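So you can see what is in the structure, the chains are spelled out below.
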Amino acid sequence: MTTAACAPTNHFELAARAMRHPLRESADPATLLQEIVRCATLAPNGHNAQPWMFELSPDQICIRPDFSRRTPIADPDDHHIWVSLGCATENLVIAAAALGKHADIEVGPHNIQVTFHRGPSAPSPLVEAIFQRQCTRADFDGQPLSNDVLKDLQRAADRGGVRLLFLTERTRIEGVIEYVTRANSAQMRDQAFISELKHWIRFDDHQAVSTGDGLATRSSGNPTSPPWIGGPFFNLFFREKSENDRYATQLRSSAAVAVFVGARSDPASWYEVGRAYEHFALTATALGIRTAFVNQPIEAPAVRSPFSRWLGIGSQRPDLVVRLGRGPQLPYSLRRPIAAVIG
Ligand SMILES: Cc1cc2nc3c(=O)[nH]c(=O)nc-3n(C[C@H](O)[C@H](O)[C@H](O)COP(=O)(O)O)c2cc1C
């Protein structure tokens, strides 16, 4: 079991821990809004590109997509950006309520407008989970989850017209492995996909801390090395078969796979998927359950439709594929400073 997050030993872990400190109340309204934004930025987001900007005014926060942080190969229609904005909004709403700011939300084609009105503070166990949640790319313990837990998670995701399909039978999980393998193979053979992925990898702590974004190898449970060693090493050893085997092992160690399906296939529905997913992930975290995405079958264009048919959802688009179970905590991924996302 990795214990690095419990006992920080390096600059990376200290930076991660600093970002994860609990919600701070403040009498100063501007500090309070920044604190709420900090919670929003701890949300999951594709490639940890953090594709968001926040505009603050006394009783409002406007959340905008930052299209300069697109990942056009993995996410050509910005689906993941809108899901990520939904995740960030969910954190923001929960943190704000705990500080006595209740949110009315308007989702427009270009932004999400959050208007606050004052009310009694509404602390929730999910507030703490905002600081503890992570995408855990580790093997889980292979044990099933109880029906009560699965029901709690199903309820958590039941919002915004989003449907959650749970696959718990081993034969169904083996089916998911087949689609993940097919899709992952397609992505690994696509040089543009690999280049985009490599662009977002942070090979050592220095690179991770100095950018504050991207996929830190440490957070994936991998060893770190300076980029001039890590880059060529990645080119040599990041191979289709070993990656497929790794995903198969991770899926076999999981208690279940959850597939999120939005009401429609448009940005407003993808945003709702993000909110439902984040409520689900925070609830799982509060219950001691870890989650990690295995989105290859919804990203690889040739695999998405056969995967939908196999799921039995016809022509509907599956939006997220997530494995869950109990497992170790890995080092947290980083975020950019708040000043970089306010504008
Ligand atoms: C829409 C979306 C798609 C994602 N796709 C993947 C994925 O395919 N594989 C993966 O390992 N992580 C995926 N992630 C997880 C992000 O990489 C992760 O949230 C980010 O690195 C920040 O780490 P954290 O969630 O642990 O804070 C995705 C997250 C979102 C919101």
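Cut-offs applied
Residues numbered from 1 in each chain as written. Predicted model: local features only at pLDDT ≥ 70, side-chain atom pairs only at ≥ 80, totals over all residues. Heavy atoms only, no water. Pairing = 2+ DSSP bridges. Helix = DSSP H or I, 4+ residues; strand = E, 2+ residues; numbered from the N terminus. Axes fitted to C-alpha atoms, helices over the stretch in contact; angles between N-to-C directions. Buried < 20%, exposed > 50% of the residue type's maximum accessible area, 1.4 Å probe, protein only. Near = heavy atom within 4 Å. Polar contact = N/O pair within 3.5 Å; in protein donor to acceptor, adjacent residues only side chain to side chain. Areas by Shrake-Rupley, 256 points an atom, 1.4 Å probe, with all protein chains shown as cover. Nonpolar A, V, L, I, M, F, W, Y, C, P; charged D, E, K, R; others polar. Domains from an automatic or database assignment.

Draft legend 1. Geometry of the sheet that holds strand S1 (residues 52-57). The antiparallel open sheet is built from four strands, whose spatial order is S1-S2-S4-S3. Both edges of this open sheet fall to S1 and strand S3 (101-107), since each of them pairs with a single strand only. Strand-to-strand twist of the sheet, defined as the mean angle between neighbouring strand axes without regard to direction, takes the value 20°. Both strand S2 (residues 60-65) and strand S4 (residues 112-118) contribute to a ladder of four bridges, which runs antiparallel. Across the sheet, Ile61 pairs through a bridge with Val114, a residue of S4.

Draft legend 2. Focus on the environment of Ala16. On the secondary structure map, Ala16 appears in helix H1 (residues 11-19). Note on Ala16: relative accessible area 1%, which makes it buried. Linking Ala16 and Pro331, residues 315 residues apart in sequence, is a C-alpha distance of 7.8 Å.

Draft legend 3. The arrangement of the site of the ligand in detail. Lining the immediate environment of the ligand, one finds 19 residues, of which Arg133, Cys135, Arg137, Ser333 and Arg335 sit closest. The separation between an oxygen atom of the ligand and a polar side-chain atom of Arg335 is 2.7 Å. Burial of the ligand by the surrounding chains reaches 91%, relative to a free accessible area of 620 Å². Take the shell around the ligand: its biggest share by element is three residues, from helix H3 (residues 79-98). A class-by-class count of the residues in the shell around the ligand yields five nonpolar, nine polar and five charged. Built from parts of two domains, the shell around the ligand gets at least three residues from each of domain 1 (11-133) and domain 2 (147-325).

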